[in-house]
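Next come the chains, spelled out residue by residue.
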Amino acid sequence: MCGIIGYIGKRNSVPILINGLKRLEYRGYDSAGIAFSRNGRIEVRRCAGKIKDLKKSVKGERLIGYSGLGHTRWATHGRPSEENAHPHKAGGIVVVHNGIIENYLELKETLKKDGHKFTSETDTEVICHLIYSYSKKGLPLEKATREALKHVTGAYALGIISETEPDKIIAIKNDSPLVIGIGEKEFFIASDIPAFLKYTRDVIIPDNGEMAVITHEGVSFTNSINKSIKKKIINITWNSAMAEKGGYRHFMLKEIYEQPRAISDTILGRISLEKGKVNSEDFNMKAQDLRKFSKIFLVACGTSWHASLAGKYMIENMSHVPCEVDIASEFRYRNPIIPANSLMIVLTQSGETADTLAAQREAKKRGAKVLTICNVVGSTSAREADSVFYTRSGPEIGVASTKAFTSQLTALYLFSIALARAKDAINAKEARELLNELISLPEKVEKSLQQNNSIIKIARKFCRVSDFLYLGRGINYPIALEGALKLKEISYIHAEGYPAGEMKHGPIALIDDGLPVLALVPDDEMKGKMFSNVEEVKSRGGKVIVITTEGESKPYPGALHTVFLPKTNPYLMPIIFSIPIQLLAYHIAVLRKCNVDQPRNLAKSVTVE
Ligand code: AGP
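The shown structure was predicted, so the numbers you read here are calculated from the model rather than taken from an experiment.

Asks: Account for unusual backbone geometry, naming residues and giving values.
Replies: The step from H86 to P87 runs through a cis peptide bond, and the omega angle for that step is 0°. Secondary-structure assignment places P87 in the loop between β4 (67-73) and β5 (88-90). Here the phi dihedral of N39 falls at roughly 45°; this positive angle occurs in a residue that is not glycine.

So this is what it looks like as structure tokens:
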């Protein structure tokens, strides 16, 4: 997830671009750059690091331009560096891009054969060269862009300018956000409204395939079949703080709602349905490498540890390779026995958690191969691992992890299929079924989010309690743990997650009149047992909330509330169950007037032991 911005008008574009990028920094901040037209040339200034580093790098230069583009990056292809920073330029064509081009490697090979020279590892630079290959034949920029994009598959929001037509900006999107700002004889493009809200509140939001051609005179649009179209102008009433959160009250809520997109992006370009396989190259591990592993360790902290626990079920049930899961801070001190042909999977959103890094180094020292599943390109964990699989949930600003967690579960699901196929534990047909279910998951997550209002009702009932119990079984026991962690870390209510079958061995003594108990009840062979656990709670005065799947004829009689969710296969149910438990924690915390995005005593990345 990156931030793009463009400007054309009567004012100097450079300060407008830099200030706009500052407002977009929450979308990505590992490198930044601007391009501006001056005396018939387009000049580019880029640097690794944040916007403040870019500002420092251009300090003292008199940079004047009347149109230009800017970009702040969240790396997905190519490490954070100046040469990978946008804007990219080739043959006088300058591009900023937010999204993921699935087929960029094959396009790059074809362009190289035509003599194109590349200077970066990014998918975006390929778009530059592709457009240039048409514009050098004399096509105007809009036509060259249309021709080039016919070859491209993937998600993009693009800003494009050319040295031969410096007073024109082309903007077009496919599945990535893009907005056009309409000012007084000045025009803006951006990934998000905050970038230009201080200059104009009049916005046009193009749909997929619609191209904006922007000059000093105005903006015209064509649709995906190149027909001119009229687009209506929307007036934005948000203040800038709300705009940064996309209109949501908190980053955490915004990130909960970004999960369908984060899951789709994590899957994008990594599966092949017809072959029934996962591109294990994305784990940069060939099938023959995967086949060798006879033992798998998973280590992580906090929410990422919960993902690891669920990952154990996926890996063992799909590939029959034995797995061991450790809390990272425990792993390194327990003198772990790591047999030959072991793989250590490290899960870490930030890639900087000290306990996790220490465990990773311990495993490496003892001879394990290390795969890290991480959300930050170029982070310490990623740099030190033998292989990296990047989740693509974009920057997660809220301290309480949500979209990164469900993206980690998605990555573990993909890894499990890749391993099971490499081990011939599942065939292409079985893998295809698992992948088809994964492809339909974002829509089911979207549907689960529609339960928000019923979750708010439950939150209102229980926002003043002092204790909360979450119950689950099997692969959903880690989600009971996650529900408890979410609630305690942002609402400060004491909460515990337990395997439901364990209640009778002590915790049931906790049940008294009014204790809220949330039970995760998927439609599987354990359903009967889960409902008898619910009965045990209810008969002792507990207030039961049942989260179950559609298809149940009526709300469970013993429950105070029943929430129905879409069904999926057992491996992916943890992702569906994550939605209501995240929303419940969020709404209770808001009702308790807690600082949801920055809870007391916590940090987004725990870089101390
Ligand atoms: C989760 O909501 C917490 N913020 C915390 O438990 C977090 O998951 C843990 O600190 C691990 O962080 P990491 O994934 O960046 O390594």
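Asks: Can you tell me about the sheet that holds strand β22 (residues 387-390), naming the residues and giving the values?
Replies: The parallel open sheet is built from five strands, whose spatial order is β19-β18-β20-β21-β22. Looking along the sheet, the strands with just one partner apiece sit at the ends: β19 (323-327) and β22. Recorded for the sheet is a direction-independent mean angle of 20° between the axes of neighbouring strands. Where strand β18 (residues 295-300) meets β19, five bridges bridge the pair, whose relative direction is parallel.

Asks: Can you break down the environment of H97 residue by residue, with the values?
Replies: Counting through the fold element by element, H97 comes out in strand β6 (residues 93-101). Expressed as a C-alpha distance, the spacing of H97 and I34, which sit 63 residues apart in the sequence, is 12 Å. Residues in contact with H97, not counting those within four places in the same chain, are C2, I4, H71, H86, D123, T124, I127, A155, Y156, A157 and L158. A polar side-chain atom of H97 sits 2.8 Å from a polar atom in the side chain of T124.

Asks: So, the site of the ligand: which residues are in play, and what are the values?
Replies: Near the ligand there are 15 residues, and of these S304, T348, S350, T353 and E489 occur at the shortest range. Here S304 contributes a side-chain N or O atom positioned 2.6 Å from an oxygen atom of the ligand. Contact between the ligand and Q349: an oxygen atom at 2.8 Å from a main-chain N or O atom of the residue. Against a free-state accessible area of 410 Å², the protein chains account for coverage of 91% of the ligand. When contributions to the shell around the ligand are tallied by element, the ones reaching two or more residues are α10 (302-319) and α18 (477-491). A per-class count over the shell around the ligand returns five nonpolar, eight polar and two charged.

Asks: Provide a residue-level description of empty space enclosed by the protein, including the pertinent values.
Replies: Tallied over the full model, the rule gives one cavity of 30 Å³ or more. Looking at the largest cavity, the residues that line it are C2, R73, W74, A75, T76, H77, H86, H97, G99, T122, D123 and T124.

Asks: For the layout of surface pockets, give the residues involved together with the corresponding values.
Replies: Here the largest pocket is characterised by a volume of approximately 840 Å³. In terms of lining residues, the largest pocket is bounded by 36 residues, among which M1, R27, P177, E258 and R261 are the most central. Taken together, the elements giving at least two residues each to the lining of the largest pocket come down to β6, α7 (251-257) and α8 (259-267). By residue number, the principal contributor to the lining of the largest pocket is α8, which donates four residues.

Asks: Help me get a handle on the environment of Y390, residues and values and all.
Replies: Within the secondary structure layout, Y390 lies in strand β22. The residues touching Y390, leaving out its near neighbours within four places in the chain, are R270, C374, V376, V377, G378 and A382.

Asks: Tell me what's going on with α18, and back it up with residues and numbers.
Replies: Spanning 15 residues, α18 covers 21 Å between terminal C-alpha atoms, matching the ideal 21 Å at 1.5 Å per step. Judged by how many residues are buried, α18 sits mostly within the fold: 12 of 15 residues are covered. Turning to α18, its buried residues are P478, I479, A480, L481, E482, G483, A484, K486, L487, E489, I490 and S491. Just past α18, the residue Y492 takes up positive phi, approximately 65°.

Asks: Quick rundown of the packing of helix α15 (residues 428-439) against helix α16 (residues 441-449)? Include the residues and the values.
Replies: One can describe the packing of α15 onto α16 by two numbers: an axis separation of 4 Å at closest approach and a directional angle of 40°. Considered as vectors, α15 and α16 are oriented oblique to each other. From α15, E437, L438 and I439 reach across to α16, where they touch L441, P442 and K444. Here the residues of the contact of α15 with α16 are counted per class, giving four nonpolar, no polar and two charged.

Asks: Residue-level account of the pattern of salt bridges, with values.
Replies: Enumeration over the complete set of coordinates arrives at 36 salt bridges. Between D192 and R27 there is a salt bridge; the shortest N-O distance is 3.3 Å. Taken together, the positions of D192 in the loop between β10 (187-190) and β11 (202-204) and R27 in the loop between α1 (13-24) and β2 (31-38) put the pair 165 residues apart, joining distant regions of the chain. Residue classification places D192 among the buried residues on the basis of a relative accessible area of 15%. The closest approach of N and O atoms between K231 and E210, which form a salt bridge, is 2.8 Å. Linking K231 in the loop between β14 (228-229) and β15 (234-235) with E210 in the loop between β11 and β12 (211-215), this pair joins segments that are 21 residues apart in sequence. Connected through salt bridges with shared partners, the residues R38, E43, R45 and E61 form a single ionic network.

Conventions and cut-offs
Residues numbered from 1 in each chain as written. Predicted model: local features only at pLDDT ≥ 70, side-chain atom pairs only at ≥ 80, totals over all residues. Heavy atoms only, no water. Helix = DSSP H or I, 4+ residues; strand = E, 2+ residues; numbered from the N terminus. Pairing = 2+ DSSP bridges. Axes fitted to C-alpha atoms, helices over the stretch in contact; angles between N-to-C directions. Contact = heavy atoms within 4.5 Å. Polar contact = N/O pair within 3.5 Å; in protein donor to acceptor, adjacent residues only side chain to side chain. Near = heavy atom within 4 Å. Areas by Shrake-Rupley, 256 points an atom, 1.4 Å probe, with all protein chains shown as cover. Nonpolar A, V, L, I, M, F, W, Y, C, P; charged D, E, K, R; others polar. 1 Å grid on protein atoms, 1.4 Å probe; cavity = no way out; pocket = protein on both sides within 12 Å on 5 of 7 lines; lining within 4 Å. Points joined across faces, edges and corners; volume = space filled by probe spheres on them. Expected span 1.5 Å × (residues − 1). Buried < 20%, exposed > 50% of the residue type's maximum accessible area, 1.4 Å probe, protein only. Parallel < 35°, antiparallel > 145°, perpendicular 65-115°, else oblique. Salt bridge = Lys/Arg side-chain N within 4 Å of Asp/Glu carboxyl O.

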